[in-house]
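# Coordinate inspection notes
This is what each chain is made of:
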Amino acid sequence: GARFIHVAYCFARYVMIEKTKKLSVGTGIPFAEAVKRRPKDVGVQKARRRVAYSKLLQILQRQDFVLKEYRKK
């Protein structure tokens, strides 16, 4: 349900940040720190979260649909 989707989103964000940290070591690009920073405008932050959350939900629903169709065949 919604709680699982939220946990999956938080986990995916954490994994993305950690992987970016490892890949940006020694490059002089502070990308990982920029990702972790919170925008000053709370409205922008909520809009970004909504977009990412809905995109993840669409991906999970599409994957579920494909798996169900595959099992039927």
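All of these numbers come straight from a predicted model, not from anything done at the bench. (Residues numbered from 1 in each chain as written. Predicted model: local features only at pLDDT ≥ 70, side-chain atom pairs only at ≥ 80, totals over all residues. Heavy atoms only, no water.)

Within this structure, the stated rule accounts for two salt bridges. Here K68 makes a salt bridge to D64, at a shortest N to O gap of 3.4 Å. Note that K68 and D64 are positioned in helix α3 (residues 42-72) at a spacing of four residues, about one turn of the helix. Assessed through its relative accessible area of 47%, K68 is described here as partly exposed. Here D64 falls in the partly exposed class, since its relative accessible area comes to 36%. Linking K72 and E69 is a salt bridge whose minimum nitrogen-to-oxygen distance equals 3.6 Å. Of this pair, K72 and E69 both sit in helix α3, separated by three residues, roughly a single helical turn. (Salt bridge = Lys/Arg side-chain N within 4 Å of Asp/Glu carboxyl O. Helix = DSSP H or I, 4+ residues; strand = E, 2+ residues; numbered from the N terminus. Buried < 20%, exposed > 50% of the residue type's maximum accessible area, 1.4 Å probe, protein only.)

The values are spatial; any link to function lies outside them.
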